[in-house]
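# Geometric and topological summary
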Amino acid sequence: MSRERFPRWVYERGTEPDPRFSLANERTILAWIRTALGLIAGGTALEALDLPMEPRLRLASAIVLLVAGAAVPVVAAIEWARTERAMREHGPLPGAITGFLLVATVSVVGVLVLLALLLR
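Within every chain, residues take consecutive numbers counted from 1 along the sequence as written. The model is predicted, so local features are restricted to residues of pLDDT at least 70 and side-chain atom pairs to those at 80 or more, both for listing and for counting; the totals for chains, interfaces and linings are taken over all residues. Here the side-chain values reflect all heavy atoms present in the structure, with hydrogen atoms and water set aside.

### Some points on a nonpolar patch on the surface
In plain terms, the rule: The patches described consist of residues with a relative accessible area above 30% and no salt bridge, like charges being joined within 9 Å and nonpolar side chains (Val, Leu, Ile, Met, Phe, Trp, Tyr) within 5 Å. Throughout, the Shrake-Rupley method with a 1.4 Å probe supplies accessible areas, and for residues the shown protein chains are the sole cover considered. Salt bridge, as used here, is a side-chain nitrogen of Lys or Arg placed within 4 Å of a carboxyl oxygen of Asp or Glu. Numbering of helices and strands runs from the N terminus, with a helix taken as a DSSP run of H or I at least four residues long and a strand as a DSSP run of E at least two residues long.
A cluster of nonpolar residues, Leu30, Ile33, Leu37, Ile40 and Leu66, forms a patch on the protein surface that exposes about 400 Å² of accessible area. Among the elements that take part in the nonpolar patch, helix α2 (residues 19-48) stands out by supplying four residues, more than any other. Here Leu37 shows up in helix α2.

### Concerning the nonpolar core
Note the threshold: In plain words, nonpolar cores are sets of buried Ala, Val, Leu, Ile, Met, Phe, Trp, Tyr and Cys residues tied together by side-chain atoms within 4.5 Å. Think of it in three bands: residues with accessible area under 20% of the maximum for their type are buried, residues over 50% are exposed, and the middle band is partly exposed, with areas taken using a 1.4 Å probe on protein chains only. We call two residues in contact whenever any of their non-hydrogen atoms come within 4.5 Å of each other.
Grouped together as the largest cluster of nonpolar side chains are 20 residues, with contacts concentrated most on Val10, Trp32, Leu39, Leu46, Leu65, Val72 and Trp80. If you list the elements that add at least two residues to this core, you get α1 (8-11), α2, α3 (55-88) and α4 (98-118). With eight residues, the single largest contributor to this core is α3. What Leu39 contacts, discounting residues up to four positions off in sequence, is Leu65, Ala68, Gly69, Val72, Leu102 and Thr105.

### With respect to the UniProt feature "domain: DUF202" (unreviewed entry) in the protein chain
Operational definition: UniProt positions are given in the numbering used here, feature names are shortened, and annotations may be inferred rather than shown by experiment.
Under the local residue numbering, the UniProt record ascribes the feature "domain: DUF202" (unreviewed entry) to residues 20-86. The distance separating the terminal C-alpha atoms of residues 20-86 is 15 Å; by composition the span is 91% helix and 0% strand.

### What about the packing of α2 against α3?
Counted only if it meets this: Axis lines are fitted to C-alpha atoms, over the contacting stretch for helices. Their N-to-C directions set the angle, which ranges from 0 to 180 degrees. Under this scheme an angle from 65 to 115 degrees is roughly perpendicular, one under 35 degrees roughly parallel, and one over 145 degrees roughly antiparallel; angles in between are oblique. Here the term charged refers only to Asp, Glu, Lys and Arg, the term nonpolar to Ala, Val, Leu, Ile, Met, Phe, Trp, Tyr, Cys and Pro, and the term polar to all other amino acids, Gly among them.
The contact between α2 and α3 brings their axes to 7 Å, and the two run at 170°. In terms of orientation, α2 and α3 fall into the roughly antiparallel class. Grouping the constituent residues of the contact of α2 with α3 by class yields 19 nonpolar, eight polar and four charged.

### Describing the UniProt feature "transmembrane region" (unreviewed entry) in the protein chain
Mapped onto the present numbering, the UniProt feature "transmembrane region" (unreviewed entry) falls at residues 61-81 and 93-119. Secondary structure across residues 61-81 divides into 100% helix and 0% strand, with the first and last C-alpha atoms of the span separated by 30 Å. Across residues 93-119, helical content stands at 78% and strand content at 0%; the span's end C-alpha atoms are separated by 45 Å.

### Some remarks on α3
Because each turn of an α-helix spans 3.6 residues, side chains separated by three or four positions end up pointing in the same direction. Selection rule: What a helix is expected to span follows from its residue count: subtract one and scale by 1.5 Å. Throughout, bend refers to the angle between the axes fitted to the seven residues that end at a position and the seven residues that start at it. Counted as a polar contact is a pair of N or O atoms within 3.5 Å, where, for protein atoms, one must be capable of donating a hydrogen and the other of accepting one, and residues adjacent in sequence contribute only when both atoms are in side chains.
Counted at 1.5 Å a residue, the expected span for α3 with its 34 residues is 50 Å, and the 50 Å between its end C-alpha atoms agrees. The largest bend along α3 measures about 25° and falls at Ala71, with the proline Pro73 one to four residues further on. N-capping of α3 is provided by Glu54, with a side-chain oxygen placed 3.2 Å from the backbone N of Arg56. Just downstream of α3 lies His90, where phi reads positive at about 55°.

### Points about the layout of surface pockets
To be explicit about the condition: The method works on a 1 Å grid over the protein atoms by themselves. A cavity is a set of points holding a 1.4 Å probe that cannot get out, a pocket is an open set with protein on both sides within 12 Å along at least five of seven lines, and residues with an atom within 4 Å of a point line them. Grid points are joined across faces, edges and corners, and a volume is the space filled by probe spheres set on the points.
The space that makes up the largest pocket amounts to roughly 170 Å³. Residue lining of the largest pocket: 14 residues in total, with Asn25, Thr28, Glu79, Trp80 and Thr83 positioned closest to the centre. When contributions to the lining of the largest pocket are tallied by element, the ones reaching two or more residues are α2 and α3. Classifying every residue of the lining of the largest pocket gives nine nonpolar, four polar and one charged.

### A closer look at the packing of α3 against α4
Across the interface, α3 lies against α4 with an axial gap of 10 Å and an inter-helix angle of 175°. In terms of orientation, α3 lies roughly antiparallel with respect to α4. Within the contact between the two elements, α3 uses Leu57, Arg58, Ala60, Ser61, Val64, Leu65, Ala68, Ala71, Val72, Val75, Ala76 and Glu79 and α4 uses Thr98, Leu101, Thr105, Val108, Val109, Leu112, Val113, Leu115 and Ala116. Here the contact of α3 with α4 is composed, by residue class, of 16 nonpolar, three polar and two charged.

Next comes the structure, spelled out in structure tokens:
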């Protein structure tokens, strides 16, 4: 049986970290995936429910949520891999950008929805 793990560029160097840290890293990416599902659901709901809002701004808000819902898991996977590799190499943990992506998304959508409600 092969002991090769994917992605190789993460596991090819260093030593196994404490399993608790690897499992915590895995729980973090799973939380970001749940967040992405919520973003996708929110974007879908904005359009599906036909809320009494300015239609173009409602559509723009939905698109921002859907794009962020697609981007967050990709960014989170990259962060997971960088963090796992840093732990294996006993190096400093890299900075996280997924949270900043979410802050920007929620801020933009909040402004768009507020404008959409005010301009109806």
